[in-house]
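Geometric and topological summary
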Amino acid sequence: MVYLPGRGSTYVTDSGPRDKPVIFLLHSVLTNGLLCWYPLIPALNKEFRVITLDQRWHGRGIRSAPFDLEDCADDVVALADVLGIDTFTAAGFSMGGGISQIAWRRHPDRVDAMILCSTGPFFGSNDPARQTNMSNVGRIMKLIHPPHVQPNAAKLDDTSVPDTVWAMRQFLSTPVSRLGVLGDGMSHFDSQPWLAEIDIPTAVLVSLKDRVIPLWRQRILTDNIPNVATYEVDGGHACCVLEADQFIPKFLEAARHTADQVRDRRPLAATSPLPRTPS
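First, a word on what this report is: a plain description of the structure on this page. (Residues numbered from 1 in each chain as written. Predicted model: local features only at pLDDT ≥ 70, side-chain atom pairs only at ≥ 80, totals over all residues. Heavy atoms only, no water.)

**Points about the overall build of the chain**
Filter applied, for reference: Going along the chain from the N terminus, every DSSP run of H or I of four or more residues is numbered as a helix, and every run of E of two or more is numbered as a strand. Relative accessible area decides the class of each residue, using a 1.4 Å probe on protein chains only: under 20% of the type maximum gives buried, over 50% gives exposed, and in between gives partly exposed. Whether two residues are in contact is decided by their heavy atoms, any of which lying within 4.5 Å being enough. Every accessible area reported is derived by Shrake-Rupley at a probe size of 1.4 Å, with residue values counting cover from the shown protein chains alone.
A tally of helices and strands in the chain yields 12 helices and 9 strands. Burial analysis of the chain (279 residues in total) assigns 54% to the buried set. Summarising the internal contacts of the chain: among those between residues at least 6 apart in sequence, 77% fall at separations of at least 24. Carbon and sulfur atoms make up 54% of the accessible area of the chain, which totals about 12,900 Å².

**Here's the deal with the pairing of strand β9 (residues 229-233)**
The condition is simple: Paired strands, in this sense, are two strands between which DSSP finds at least two bridges. We call a crossover right-handed when, viewed with the strands running away from us, the connection from the first strand over the helix to the second turns clockwise.
In β9, alternate side chains face the same way, and those of Ala229, Tyr231 and Val233 are buried while those of Thr230 and Glu232 on the opposite face are not. The sheet contact formed by strand β8 (residues 202-207) and β9 spans 5 bridges and is parallel. What sits directly across from Val206, in β9, is Glu232. In this fold, β8 hands off to helix α9 (residues 215-224), which returns the chain to β9; that crossover is right-handed.

**Some remarks on a nonpolar patch on the surface**
Filter applied, for reference: Patch members must show over 30% relative accessible area and no salt bridge, and they are joined within 9 Å when carrying like charges or within 5 Å when they are nonpolar side chains of Val, Leu, Ile, Met, Phe, Trp or Tyr. In what follows, salt bridge is the name for a side-chain nitrogen of Lys or Arg lying within 4 Å of a carboxyl oxygen of Asp or Glu.
A surface patch of nonpolar side chains, about 270 Å² in accessible area, is lined by Met168, Phe171 and Leu172. You can call Phe171 partly exposed: its relative accessible area is 31%.

**Some details on the side chain of Gln170**
Stated precisely, the cut-off is as follows: Pairs of N or O atoms are called polar contacts if they sit within 3.5 Å, as long as, within protein, a hydrogen donor faces a hydrogen acceptor (for residues adjacent in sequence, only side-chain-to-side-chain pairs).
With respect to the element layout, Gln170 can be found in helix α7 (residues 163-172). Judged by relative accessible area, which is 2%, Gln170 ranks as buried. In this structure the side chain of Gln170 is engaged in a polar contact, spanning 2.9 Å, whose partner is the backbone oxygen of Leu156. For Gln170, the contacting residues outside a window of four places in its chain are Asn32, Leu35 and Leu156.

**Structural notes on unusual backbone geometry**
Positive phi outside glycine occurs at Ser94, with the angle close to 55°. Summarising the element assignment, Ser94 is placed in the loop between β6 (88-93) and α4 (95-106). Given the relative accessible area of 4%, Ser94 is considered buried.

**Looking at the pattern of salt bridges**
Opposite charge on two side chains makes pairing possible when the charged atoms of those side chains draw close. Within the structure shown, the criterion is met by 15 salt bridges. The salt bridge involving Arg7 is made with Asp75; its shortest N-O contact spans 2.5 Å. Taken as a pair, Arg7 in the loop between β1 (2-4) and β2 (8-10) and Asp75 in helix α3 (residues 69-83) lie far apart in primary sequence, 68 residues in all. Judged by its relative accessible area of 26%, Arg7 falls in the partly exposed class.

**Concerning the nonpolar core**
As a reminder, the rule being used: Side-chain atoms within 4.5 Å link the members of a nonpolar core, which is a set of buried Ala, Val, Leu, Ile, Met, Phe, Trp, Tyr and Cys residues.
Counting 48 residues, the largest nonpolar core has Phe24, Leu69, Leu79, Phe88, Ile99 and Val111 as its most contacted members. Among the elements that take part in this core, α3 stands out by supplying 8 residues, more than any other. Leave out the neighbours within four places in its chain, and Phe88 touches Val22, Phe24, Val76, Val77, Ala80, Arg110, Val111, Asp112 and Ala113. By size, the runner-up hydrophobic cluster in this structure holds 27 residues, among which are Leu205, Cys240, Phe251 and Ala254.

**Structural notes on empty space enclosed by the protein**
Inclusion rule: Every definition here rests on a 1 Å grid over the protein atoms only: cavities are sets of points where a 1.4 Å probe fits but cannot get out, pockets are open sets enclosed by protein on both sides within 12 Å along at least five of seven lines, and lining residues have some atom within 4 Å of a point. Grid points are joined across faces, edges and corners, and a volume is the space filled by probe spheres set on the points. We call Asp, Glu, Lys and Arg charged. Ala, Val, Leu, Ile, Met, Phe, Trp, Tyr, Cys and Pro are nonpolar, and the rest, Gly among them, are polar.
What the rule picks out here adds up to 1 cavity of 30 Å³ or more. In this model, the largest cavity occupies a volume close to 50 Å³. Along the walls of the largest cavity sit Tyr11, Asn32, Gly33, Leu34, Asp54, Gly59, Arg60, Leu156, Gln170 and Ser173, which together make up its complete lining. In the lining of the largest cavity, the residues fall into 3 nonpolar, 5 polar and 2 charged.

**Remarks on the state of the cysteines**
In plain terms, the rule: The rule for a disulfide is simple: a pair of cysteine sulfur atoms within 2.5 Å.
This model, assessed by the stated rule, comprises 0 disulfides. Not part of a disulfide, Cys117 finds its nearest cysteine sulfur in Cys239, a span of 7.6 Å. Here Cys239 is not cross-linked by a disulfide; its sulfur's nearest cysteine counterpart is in Cys240, at 5.9 Å. For Cys239, a relative accessible area of 1% puts it in the buried group.

**Some words on the sheet that holds strand β3 (residues 12-15)**
Cut-off, in case you're wondering: Axes here refer to lines fitted to C-alpha atoms; in helices the fit is confined to the stretch in contact. Angles between the N-to-C directions go from 0 to 180 degrees.
Here 7 strands make up an open sheet; going across it, the order is β3-β5-β4-β6-β7-β8-β9 and the pairing mixed. Of all strands in the sheet, those bounded by a partner on one side alone are β3 and β9. Along the sheet, successive strands turn relative to each other by an average axial angle of 15°, direction set aside. The pairing of strand β4 (residues 22-26) with strand β5 (residues 49-53) spans 4 bridges and is classified as parallel. Note that in β5 the partner of Val22 across the bridge is Arg49. Of the strands in this sheet, β3, β4, β5 and β6 are in contact with α3, which crosses β5 at around 130°.

What follows is the structure in structure tokens.
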């Protein structure tokens, strides 16, 4: 658990070599940092320092009202401050892709690259009918999953159980009864007016069989972000876990590509210091 001054505490993982480029992995709605990204992290650790955090009202994340993606984006930068990280790549899956875009928009001096996965410039929750359905589900779930119940840390950290049990515990650490509130917070996001202003190395992983973020919505990113690199994954919306064998190689390609671009954009003095003159 890491305390973000003036904001609250959240669950964080920080792994991989400290001298490698930093990637913040930002998770999808109704998951948490580990549940969304656990298949990828070991492979990514070989070349990058990898950080996850549980977003607000997810897992062991900050409990706040209301839920807002701008707060989530500011939490990411606040965590970077606590960890002493100046700049980083923001990699987001679904909801996390929206948070990544907002983090760049609000803190352009901190986010030096983006990897956007199975996401778009807005979410389907901006449909009033869909939002009503999400709120109704949330009201029903309050009866069996009260939002005030805190996750059991010991159970969440127990890796001796079968993977299915571990994954279910991670999923249930997010109160589904907050679904309407989460959907409302996501509905305010729309990056379409400023996609063309994105001026950092960006890669988009498109999930070709996605039934949650339709392909046409993902293509808005690839069609409007300047100099974007596009990678296609032959999978659905949960491809980061259910089609990990296809997702991981594509993500590694995207991570290497954006890291190379970031390195090439930095001034020579920042990457190759001149030798000191002997006194």
